Amino acid sequence: MRNKAVFTCQNCGYQAPKWLGRCPDCNNWNSFVEEDFSGQRRPQEGERQSLYTEEPVLLKDVEVKESSRLKTDIKELDRVLGGGIVAGSVVLIGGDPGIGKSTISLQVSNQLTKAGHTVLYVSGEESVKQTKLRANRLGTHDRGSLYIVSQTDLSLIVQYIRKLKPDAVIIDSIQVIFEPSISSSPGSVSQVRECAGILTQLAKSTNTPVFIIGHVTKEGNLAGPRVLEHIVDTVLYFEGDRFSVYRILRAVKNRFGSTNEIGVFEMGSAGLAEVKNPSEIFLSERPKDISGSVVSSVLEGSRPLLVEIQALVSKSSFGYARRRSQGFDFTRLSLLIAVLEKRIGLRLELEDIFINIAGGIKIEDPACDLGVCASIASAFLDNTVMSDTVVLGEVGLAGEIRSISQILLRINEAEKLGFKHCVIPRNNFKNLHYKGALSILPVEHLKEALDILASKTRASVKSGAR
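Residues numbered from 1 in each chain as written. Predicted model: local features only at pLDDT ≥ 70, side-chain atom pairs only at ≥ 80, totals over all residues. Heavy atoms only, no water.

**Q** I would appreciate a short explanation of the overall build of the chain in the present structure.
**A** Summing up its helical and strand segments, the chain has 13 helices and 21 strands in all. Within the span of the chain, comprising 466 residues, buried residues form 50% of the whole. Sequence-distant contacts in the chain: of pairs separated by 6 or more residues, those separated by 24 or more amount to 66%. When the accessible area of the chain is evaluated, it comes to approximately 23,000 Å², of which 51% is carbon and sulfur surface. (Helix = DSSP H or I, 4+ residues; strand = E, 2+ residues; numbered from the N terminus. Buried < 20%, exposed > 50% of the residue type's maximum accessible area, 1.4 Å probe, protein only. Contact = heavy atoms within 4.5 Å. Areas by Shrake-Rupley, 256 points an atom, 1.4 Å probe, with all protein chains shown as cover.)

**Q** Is there a simple way to think about a nonpolar patch on the surface in this case?
**A** Taken together, the side chains of Val57, Leu59, Val62 and Val64 present a nonpolar region at the surface, about 460 Å² in accessible area. Its place among the elements puts Val62 in the loop between α1 (45–49) and α2 (75–81). (Patch = residues over 30% accessible without salt bridge, like charges linked within 9 Å, V, L, I, M, F, W, Y side chains within 5 Å. Salt bridge = Lys/Arg side-chain N within 4 Å of Asp/Glu carboxyl O.)

**Q** It is not clear to me how the sheet that holds strand β12 (residues 271–274) should be interpreted in this structure. Could you clarify?
**A** Within a sheet, adjacent strands bond to each other through the backbone by hydrogen bonds, running parallel or antiparallel. Here we have 9 strands laid out as an open sheet, ordered β6-β5-β7-β8-β4-β9-β10-β11-β12, and mixed in their pairing. The open sheet terminates on both sides in strands that have one partner only, identified here as β6 (146–149) and β12. With strand direction ignored, the average angle separating the axes of adjacent strands in the sheet is 25°. In terms of strand pairing, strand β9 (residues 234–239) meets strand β10 (residues 246–254) through 6 bridges, oriented antiparallel. Bridge pairing links Val235 to Lys253 in β10. Packed onto the sheet, helix α3 (residues 101–114) meets β4 (90–94), β5 (119–123), β6, β7 (168–172), β8 (210–214), β9, β11 (262–268) and β12 and runs at close to 160° relative to β5. (Pairing = 2+ DSSP bridges. Axes fitted to C-alpha atoms, helices over the stretch in contact; angles between N-to-C directions.)

**Q** Explanation requested: the packing of helix α5 (residues 154–164) against helix α6 (residues 189–206) in the structure shown.
**A** A pair of packed helices can be characterised by two numbers: the angle between their axes and the separation between those axes. The contact between α5 and α6 brings their axes to 11 Å, and the two run at 10°. One way to sum up the angle between α5 and α6 is to call them roughly parallel. Contacts from Leu154, Val158, Ile161 and Arg162 of α5 reach α6 at Cys195, Ile198, Leu199 and Leu202. Split by residue class, the contact of α5 with α6 holds 7 nonpolar, no polar and 1 charged. (Parallel < 35°, antiparallel > 145°, perpendicular 65-115°, else oblique. Nonpolar A, V, L, I, M, F, W, Y, C, P; charged D, E, K, R; others polar.)

**Q** What's the story with the pairing of β4 in this structure? I'm lost.
**A** Strand residues, when the strand is regular, have side chains that alternate between the two faces of the sheet. Taken across its 5 residues, β4 has 5 buried, putting it largely inside the fold. Here β4 shows a buried face lined by Val90, Leu92 and Gly94 and a second buried face lined by Val91 and Ile93. When β4 meets β9, the two strands line up parallel, connected through 4 bridges. Within the sheet, the bridge partner assigned to Val91 lies in β9 and is Thr234.

**Q** What is the right way to read helix α10 (residues 369–381) from this model?
**A** One turn of an α-helix holds 3.6 residues; hence residues three or four places apart share an orientation. Helix length check: α10 (13 residues) gives 18 Å between terminal C-alpha atoms against 18 Å at 1.5 Å per residue, within 8%. Within α10, 11 of the 13 residues are buried, which leaves it mostly tucked inside the rest of the structure. Here α10 has its buried residues at Asp369, Leu370, Gly371, Val372, Cys373, Ala374, Ser375, Ile376, Ala377, Ser378 and Ala379. Two residues or fewer after α10 comes Asp382, characterised by a positive phi angle close to 60°. (Expected span 1.5 Å × (residues − 1).)

**Q** Sorry, what's going on with the pattern of salt bridges here?
**A** Should the charged atoms of two oppositely charged side chains come close, the side chains can pair. Across all of its chains, the model carries 19 salt bridges by this definition. The partner of Arg426 in a salt bridge is Glu448, with the nearest N and O atoms 3.0 Å apart. Of this pair, Arg426 sits in helix α12 (residues 426–430) while Glu448 sits in helix α13 (residues 446–465), placing them 22 residues apart in sequence. On the basis of relative accessible area, Arg426 is assigned to the partly exposed category, the value being 29%. Linked through salt bridges whose partners overlap, the residues forming this network are Glu76, Arg79 and Arg303.

**Q** Help me understand the nonpolar core in this model?
**A** Membership of the largest hydrophobic core comes to 46 residues, with the highest contact counts inside it found for Ile361, Leu370, Ile376 and Leu446. Dropping the residues within four chain positions of it, Ile361 is found in contact with Ile248, Arg250, Ile262, Phe282, Glu300, Leu305, Val307 and Gly327. The next biggest cluster of nonpolar side chains, apart from the first, holds 27 residues, and it includes Val122, Ile171, Ile174 and Val232. (Core = buried A, V, L, I, M, F, W, Y, C linked by side-chain atoms within 4.5 Å.)

**Q** Could you clarify how one ought to interpret the packing of aromatic side chains in this entry?
**A** Each aromatic ring pair is specified by the distance between its two centres and by the angle formed by the two planes. Throughout the structure, instances matching the rule amount to 1 aromatic pair. Relative to Phe32, the ring of Tyr14 lies with its centre 6.4 Å away and its plane at 85°, an arrangement referred to as edge-to-face. Of this pair, Tyr14 sits in the loop between β1 (5–9) and β2 (15–16) while Phe32 sits in strand β3 (residues 32–36); the two residues are 18 residues apart in sequence, bridging distant segments of the chain. (Phe/Tyr/Trp six-rings, centres within 6.5 Å; stacked < 30°, edge-to-face > 60°.)

**Q** So what exactly am I meant to see when it comes to the confidence of the model for the chain here?
**A** When pLDDT drops low, the exact placement of atoms in the prediction is not to be read closely. Taken over all residues, the pLDDT of the chain has a mean of 86, while the share at 70 or more is 89%. Summarising per-element confidence for the chain, the mean pLDDT is lowest in α1 (44) and highest in strand β18 (residues 394–395) (97). A low-confidence stretch, residues 39–50 (pLDDT under 50), is modelled with 11 contacts involving residues beyond four sequence positions or located in other chains. This model gives residues 461–466 a pLDDT under 50, and the stretch forms 0 contacts once residues within four places in sequence are excluded. (pLDDT = per-residue confidence, 0-100.)

**Q** Would you mind showing me how to read the packing of α3 against helix α4 (residues 128–137) here?
**A** Relative to each other, α3 and α4 sit at 75°, their axes nearing to 11 Å. In terms of orientation, α3 lies roughly perpendicular with respect to α4. Across from Ser102, Thr103 and Leu106 in α3, the residues of α4 making contact are Thr131, Arg134 and Ala135. When its residues are assigned to classes, the contact of α3 with α4 shows 2 nonpolar, 3 polar and 1 charged.

The following block contains the structure:
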């Protein structure tokens, strides 16, 4: 039989008969890998259909109970999942190496066994003894219902699942698992796609939730084909610097809950600990009386978070001014800089501008636009913004301050943390029913907002001098 080899893109799964430098489907460079399909055995019809055991039923006859969700007792994780683990769901956990994917998986196993559930933990990258050492470090208690196996053969893993019938399965990680019927190496597009498909079918047929850990590429995307994210039910990403103690778990996709919720954790020697008040953590190390530091509010799902926006503006020593942002969209930053130049008259064309969202969080909420503009103006003019002021509002191209959503939740969070002033859009102020002690400062234009912040700062300096 003649050997058949194809070149497969490791990012999107596109196949070509010869090597290509650039994928015509996803436009990635150097992503094609040769895969040999000689001796590949297609699963027989009976083998493929053996995973499907249910018959079609009427929708009106299907009973769904909220109690069918498994609670992990890790409130931050349960919130991101939409209230718990749905039976038969497949959850994909991604993130940088060392950020806490295996740690959170082992902690979930411990919490589920504590509640009397049986868990099968498949470790393809560690031996059973190594997993035991990590479990001891995390304080996992052996209750006789947590099974650990070091295995990479998917056919054997399926046999273990059918034999033990666990309440939850954890695969660590999908890149090392292989299906014997596929001749390509583990981690290839064919292997990852086939293994994920089989595990998903098994989860649906046995009503067993499956957690899959996936590696990420140097660009921060999930390694393997993008189709992997479409196969699973939920995709969770860990954000944050692995050298920092704080981790943010975000739902990128969730068929059984909202994708706007986040969970905040603190990495310690005993694993990941929940952060009860993330706003207080993000502002705990905020410097006082420093230009370029402004506090704004970002809405993550139903939870308002106060974040510190830091800006640094310095004269460029080259002919081309640099623009850098950490945690804030670069395109949005360029737009706001253009508004400051055109509508306010700040000469920023020869200035290097750097923006950082303290705490490692990434924000996409347009309510932080005014805070970014205020921090840039503060750093450029070397004027401090009062530390007890929260700045909220979306900035338009004409410099107008547009209304934002859930303004009352943001104001209440600011008052809870001891802030005294809050700059908000005037349109939000018209329909605002707030009777708290916070001083509300409505603004309509970017220049008006910057003038108010500057006058408040000067008044504070004068009162302090007296």
